[in-house]
Amino acid sequence: MSEGPVPGIERVLFTEEQIDQRIREVAAEISRDYQGKTVKLIGVLKGSVFFLTALARRIEIPVKIDFLGISSFSNRSGAPGVVRIAKDLDDAIEGDDVLMVEDIVDTGLTLRYLLQTLSGRGPNSLAVCTFLDRNSRRIVQPPVRYRCFEIPDRFVVGFGLDYNQLYRNLNYVAVMERKRS
Ligand code: 5GP
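Residues numbered from 1 in each chain as written. Predicted model: local features only at pLDDT ≥ 70, side-chain atom pairs only at ≥ 80, totals over all residues. Heavy atoms only, no water.

A. Here's a closer look at the site of the ligand. Lining the immediate environment of the ligand, one finds 16 residues, of which Thr 107, Thr 110, Arg 134, Val 156 and Asp 162 sit closest. The fraction of the free accessible surface of the ligand (510 Å²) that becomes covered by protein chains is 89%. Counting residues per element, the ones that place at least two in the shell around the ligand are strand S5 (97-105) and helix H3 (109-119). Of all the elements, S5 adds the most residues to the shell around the ligand, at three residues. (Near = heavy atom within 4 Å. Areas by Shrake-Rupley, 256 points an atom, 1.4 Å probe, with all protein chains shown as cover. Helix = DSSP H or I, 4+ residues; strand = E, 2+ residues; numbered from the N terminus.)

This is the structure we're talking about:
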């Protein structure tokens, strides 16, 4: 899904080319930093799937992948910070060099919970790579080692990010129109 105007979209924030270029840069950084190791990418379903697969294909060291499913009530619609693991990892992470791959870090509450949970499972190292970062809305500041883009305080969709499960398949990131009241 790429051509023509899409209903509900106000403007494109990052194009397919910009995203590809930035992912190459971040993947190169990761390949350098984890040289000689195998990096285990852990994605959070479903938002991070598009970013994780794009990133994994640009990393030039051995990569393993696994996924977590969460039910999160920490976004704009509900009480902050309540997260539950709905689908656990397939494999143990003890001794692994784990890189959590996020679609967006907003308040930081989801990520803080996930880092607390995973750090208790004995990984050799644990770091975070996020596609989008909205630092202006942070409530807590979990450490984020890699980020592709900083974004303004507007709701965004595309490249894995949804609105009511739609728009994930846009190959760009866009700002949603504001709802008229
Ligand atoms: P946090 O706990 O950092 O506030 O929540 C992060 C989660 O909120 C993301 O994984 C995502 O599900 C959701 N989220 C926050 N901002 C946006 C946004 O602009 N667009 C979309 N589609 N989801 C968002």
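B. Spatial organisation of the pattern of salt bridges. The full count for this structure, using the stated rule, is 14 salt bridges. Between Arg 137 and Asp 106 there is a salt bridge; the shortest N-O distance is 2.8 Å. Taken together, the residues Arg 137 in the loop between strand S6 (125-133) and strand S7 (146-150) and Asp 106 in the loop between S5 and H3 connect sequence positions 31 residues apart. Since its relative accessible area comes to 24%, Arg 137 is described here as partly exposed. Classification of Asp 106 by relative accessible area gives buried; the value is 14%. Among the salt bridges present, the one from Asp 162 reaches Arg 168, with a minimum N-O distance of 3.6 Å. (Salt bridge = Lys/Arg side-chain N within 4 Å of Asp/Glu carboxyl O. Buried < 20%, exposed > 50% of the residue type's maximum accessible area, 1.4 Å probe, protein only.)

C. Broad picture of the side chain of Lys 40. Tracing the backbone through its elements, the reader meets Lys 40 in strand S2 (residues 39-45). Polar contacts involving the side chain of Lys 40 include one to the main-chain carbonyl oxygen of Ala 92, which spans 3.1 Å. Setting aside its immediate chain neighbours within four residues, Lys 40 contacts Lys 64, Asp 91, Ala 92, Ile 93, Asp 96, Asp 97, Val 98 and Leu 99. (Polar contact = N/O pair within 3.5 Å; in protein donor to acceptor, adjacent residues only side chain to side chain. Contact = heavy atoms within 4.5 Å.)

D. Quick look at the environment of Asp 96. Following the sequence through the fold, Asp 96 ends up in the loop between strand S4 (83-87) and S5. As a C-alpha pair, Asp 96 and Ser 31 span 65 residues in sequence and 16 Å in three-dimensional space. Setting aside residues up to four positions removed in sequence, Asp 96 forms contacts with Lys 40, Pro 123, Asn 124 and Ser 125. A distance of 2.9 Å separates the side chain of Asp 96 from the side chain of Lys 40, its partner in a polar contact.

E. Focus on the environment of Phe 155. Checked against the element boundaries, Phe 155 lands in the loop between S7 and strand S8 (156-157). For the pair Phe 155 and Arg 178, spaced 23 residues apart in sequence, the C-alpha to C-alpha distance is 8.6 Å.

F. Seen up close, the sheet that holds strand S1 (residues 9-14). Strand order in the open sheet made by the three strands is S1-S9-S8, with antiparallel pairing throughout. At either margin of the open sheet sits one strand with a lone partner, and together these are S1 and S8. Sheet topology places S1 next to strand S9 (residues 173-176); four bridges connect them, and they run antiparallel. Bridge pairing in S9 places Phe 14 opposite Val 173. (Pairing = 2+ DSSP bridges.)

G. Seen up close, the packing of aromatic side chains. All told, the structure shown has five aromatic pairs when counted by the stated rule. On the basis of an interplanar angle of 15 degrees and a centroid distance of 3.9 Å, the ring pair of Phe 14 and Phe 149 is categorised as stacked. Remark: Phe 149 occurs in strand S7 and Phe 14 occurs in strand S1; sequence separation between them is 135 residues. Each member of the pair, Phe 14 as well as Phe 149, carries the same accessibility label: buried. When the centroid spacing of 6.0 Å and the interplanar angle of 80 degrees are considered together, the rings of Phe 131 and Phe 149 count as edge-to-face. One end of the pair, Phe 131, is in strand S6; the other, Phe 149, is in strand S7, with 18 residues separating them in the sequence. Classification of Phe 149 as buried rests on a relative accessible area of 11%. Three or more aromatic residues link up through ring pairs in this structure, and these residues are Phe 14, Phe 51, Phe 131, Phe 149 and Phe 159. (Phe/Tyr/Trp six-rings, centres within 6.5 Å; stacked < 30°, edge-to-face > 60°.)

Don't take any of this as a statement about function, it's just geometry.
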